[in-house]
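So you can see what is in the structure, the chains are spelled out below.
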Amino acid sequence: MDILIVGSGGREYSIALALKRDKNVKNIYVAPGNGATSEFATNIDIKDFNKLADFVQENGINLTIVGPEAPLVDGIVDVFKKRDLLIFGSSKNASKLEGSKIYMKNFLSKYKIPTASYIETNSLASAYDFIESLTLPIVIKADGLCAGKGVIIANSKEEAKSTAKDMLSGESFGDAGKSIVIEEFLDGYELSVFAICDGKNYKILPAAQDHKRLLDGDKGPNTGGMGAYAPTPLIDEELYKKIETRVVEPTLEGMQKEGSPYTGVLFIGLMIIDDEPIVLEYNVRFGDPECEVLMPLLKTPASELFYKAADGYLDDLDIEFYDRYAVAVVIASQNYPYKSSTPSEIIIDNPIHKELDGTHISYAGVSREGDKLYATGGRVLLSVGTGGSIQEARDKAYLQCGQIHFAGKQFRQDIAYQVLNR
Ligand code: AMP
Ligand code: GLY
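Note that the structure is predicted; figures quoted are calculated from it, not measured. (Residues numbered from 1 in each chain as written. Chains lettered and ligands numbered in written order. Predicted model: local features only at pLDDT ≥ 70, side-chain atom pairs only at ≥ 80, totals over all residues. Heavy atoms only, no water.)

Novice: Account for the pairing of strand S10 (residues 189–199), with residues named and values stated.
Specialist: For S10, a buried count of nine out of eleven residues is recorded, marking the element as mostly surrounded by other parts of the structure. With eleven bridges joining them, S10 and strand S16 (residues 262–273) adopt antiparallel strand pairing. Looking across to S16, one finds that Phe 194 is bridged to Phe 267. Across three bridges, the pairing between S10 and strand S11 (residues 202–204) is antiparallel. Paired with Ala 195 across the strands is Ile 204, a residue of S11. Following S10, the chain reverses through two residues before pairing antiparallel with S11. (Buried < 20%, exposed > 50% of the residue type's maximum accessible area, 1.4 Å probe, protein only. Helix = DSSP H or I, 4+ residues; strand = E, 2+ residues; numbered from the N terminus. Pairing = 2+ DSSP bridges.)

Structure below.
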């Protein structure tokens, strides 16, 4: 079959790679793609959803897979479905689970899914009152999409109040911050859990851990994610079961009751406290860099998983994973996450180290000129290692990091530190 992927990052590149090794897939298109997807797929420069649907129809593309949240929140799935085109992703209404923190929190509380206690408000007076009632630190979240920057963890009540004030006045995040969520701080460890959903059935993928801060030891500013590994041994069968019965199933049932059956990837950001899963957030897409470690674990052909999910037949599928681990180290440009950097050529040692079997690069912020690739994005690429243990996968990923060069490259040295020596 022929498949279109919407998006341009490392996440979409890794989905494209999984489809490339899938015998059921003939042609891969990526809209807009990046300088590396064009090596084995066709990049399409069409933004308008109806025009993209025209392209899909004209070229007989069998399935569209949406990577990022923005087109989902903007309703790409609704446009395609209206035209009877098969698409994997959440509807505009269901995407409010990510698009509005207030919708998400109210949904969690309505369906009794465990989450931090909170208020939602657009009033400064009630924000101040609630802040006074909480112990430190205090978490303040802008309602709308803020490219991952809309969550502030305040270490004093003064800081919490001034954060709330700047958000509510529109100063920090414009309209996205004019309503806010204030919630208690949860102290535990975070897991990224993904369920592939078809509206009523779901398949859970191996749990992953991301590394959101820029620097080693979880220091420095928040980023989109500097590395990930999966499966994490920080979860056992009992915890998976709790996550399924207390979070995934009530979410799917709740969304059916809300009249917005959930299809696509349900990304559940969890805090685990005393072996109990508590929902921090939902996203309606794969995590990035989590997707880059999950795709290499997928034994079931990716086309079959996404097609059956989009078509409503996930119950027909026995999902299978390779018995191995994957570790991804993000290599970012010099000024990430503050500002863009001067594009620089990416040079990869040749021959690549022979111990690097089962290792690959997932390209994100890159552009192409002739046969040269340039680092143009913030997160430029990911060095992905796979192996029989986390240590082996990690060693390979880092060995490969040493063979990739561009001016100003930076990466964390401690990806998967949480579980080494276990
Ligand atoms: P969110 O976009 O809601 O996932 O928040 C981004 C990050 O902020 C999360 O990955 C957590 O690291 C942190 N965070 C969000 N809410 C809380 C909370 N209630 N307690 C502790 N940390 C939080
Ligand atoms: N890696 C976290 C995210 O994609 O939101």
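So, next bit.
Novice: Describe in detail helix H8 (residues 157–168), supporting the description with residues and values.
Specialist: Taking 1.5 Å of rise per residue, twelve residues should cover 16 Å, and H8 covers 16 Å from first to last C-alpha, within 8% of that figure. All of the buried residues in H8 are Ala 160, Thr 163, Ala 164, Met 167 and Leu 168. On an axial view of H8, the arc spanned by its buried residues comes to 120°, and they lie on one face. If you follow the buried residues of H8, they end up packed against strand S6 (118–121), helix H7 (124–133), strand S7 (138–142), strand S8 (151–154) and strand S9 (180–184). Just downstream of H8, Gly 170 is the residue with a positive phi angle, here 90°. (Expected span 1.5 Å × (residues − 1). Arc of directions from axis to C-beta. Contact = heavy atoms within 4.5 Å.)

Novice: Residues and numbers for the side chain of Ser 333, please.
Specialist: Summarising the element assignment, Ser 333 is placed in the loop between strand S18 (325–332) and strand S19 (344–345). At 3.4 Å, the side chain of Ser 333 and the side chain of Ser 341 are in polar contact. Once you skip the residues sitting within four places of it in the chain, Ser 333 turns out to touch Ser 341, Gly 377, Gly 378, Val 380, Phe 406, Gly 408 and Gln 410. (Polar contact = N/O pair within 3.5 Å; in protein donor to acceptor, adjacent residues only side chain to side chain.)

Novice: Help me get a handle on the packing of H7 against H8, residues and values and all.
Specialist: Remark: H7 packs on H8, axes separated minimally by 10 Å, with the N-to-C direction vectors making an angle of 155°. With respect to each other, H7 and H8 are oriented roughly antiparallel. Seen from above, H7 lies across H8 with right-handed handedness. Facing H7, whose interface residues are Leu 124, Ala 127, Tyr 128, Ile 131 and Glu 132, H8 presents Lys 157, Ala 160, Lys 161, Ala 164, Lys 165 and Leu 168. Its residues assigned to classes, the contact of H7 with H8 shows seven nonpolar, no polar and four charged. (Axes fitted to C-alpha atoms, helices over the stretch in contact; angles between N-to-C directions. Parallel < 35°, antiparallel > 145°, perpendicular 65-115°, else oblique. Left-handed = near helix turned anticlockwise from the far one by under 90°. Nonpolar A, V, L, I, M, F, W, Y, C, P; charged D, E, K, R; others polar.)

Novice: Go over the sheet that holds strand S4 (residues 63–66) with me, naming the residues and quoting the values.
Specialist: The five strands lie next to each other as S3-S2-S1-S4-S5, forming an open sheet whose pairing is parallel. Two strands lie at the open edges of the sheet, namely strand S3 (42–43) and strand S5 (87–88), each paired on one side alone. Across the sheet, helix H1 (residues 10–20) is in contact with strand S1 (3–7), strand S2 (28–32) and S4; its angle to S1 comes to roughly 165°. Of the strands in this sheet, S1, S2 and S4 touch helix H2 (residues 49–58), which is tilted by about 160° from S1.

Novice: For the packing of aromatic side chains, give the residues involved together with the corresponding values.
Specialist: Applying the stated criterion to the full structure yields ten aromatic pairs. Each ring, one from Tyr 13 and one from Phe 40, has its centre 5.7 Å from the other, and the planes form 80°; the classification is edge-to-face. Linking Tyr 13 in helix H1 with Phe 40 in the loop between S2 and S3, this pair joins segments that are 27 residues apart in sequence. Aromatic ring contacts, followed pair by pair, group Phe 88, Phe 194, Phe 267, Phe 286 and Phe 306 into a single cluster. Seen from the ring of Phe 40, Lys 20 lies directly overhead, with NZ or CZ sitting 5.1 Å from the centre. Between the NZ or CZ atom of Arg 324 and the centre of the ring of Tyr 322, over which it lies, the distance is 4.3 Å. (Phe/Tyr/Trp six-rings, centres within 6.5 Å; stacked < 30°, edge-to-face > 60°. Lys NZ or Arg CZ within 6 Å of the ring centre and 35° of its normal.)

Novice: I'd like to hear about the site of ligand 2, residue by residue, with values.
Specialist: Taken together, the residues surrounding ligand 2 are Asp 210, Gly 224, Phe 267, Arg 285, Gly 287, Asp 288, Pro 289 and Glu 290. In the environment of ligand 2, an oxygen atom lies 2.9 Å from a nitrogen or oxygen atom belonging to the side chain of Arg 285. The side chain of Glu 290 places a nitrogen or oxygen atom 2.8 Å from a nitrogen atom of ligand 2. Protein contacts shield 88% of the accessible area of ligand 2, which totals 200 Å² for the unbound molecule. Of the residues contributing to the shell around ligand 2, the split by class is two nonpolar, two polar and four charged. (Near = heavy atom within 4 Å. Areas by Shrake-Rupley, 256 points an atom, 1.4 Å probe, with all protein chains shown as cover.)

Novice: Help me get a handle on the site of ligand 1, residues and values and all.
Specialist: Around ligand 1, 14 residues are found, and the nearest of them are Glu 183, Leu 186, Glu 190, Lys 212 and Glu 281. A distance of 2.4 Å is found between an oxygen atom of ligand 1 and a side-chain nitrogen or oxygen belonging to Glu 190. Lys 212 is positioned with one of its side-chain polar atoms (N or O) 2.9 Å from an oxygen atom of ligand 1. Within the residue set of the shell around ligand 1, elements represented by two or more residues are S7, S8, S9 and strand S17 (276–283). Residue composition of the shell around ligand 1, grouped by class: seven nonpolar, no polar and seven charged.

Novice: Now, about the sheet that holds S6: what can you tell me, with residues and values included?
Specialist: Judged by pairing direction, the sheet is antiparallel, and its four strands sit side by side in the order S6-S9-S7-S8 without closing on themselves. Single-partner strands in this sheet number two, and they are S6 and S8. Adjacent strand axes in the sheet meet at a mean angle of 20° when their direction is disregarded. Inspection of the sheet shows S6 paired to S9 by four bridges, in the antiparallel sense. Paired with Ile 119 across the strands is Ile 182, a residue of S9. Those strands touched by H7 are S6, S7 and S9, and its axis lies near 165° from that of S6. Its contacts with the sheet place H8 against S6, S7, S8 and S9, and it is angled at close to 5° to S7.

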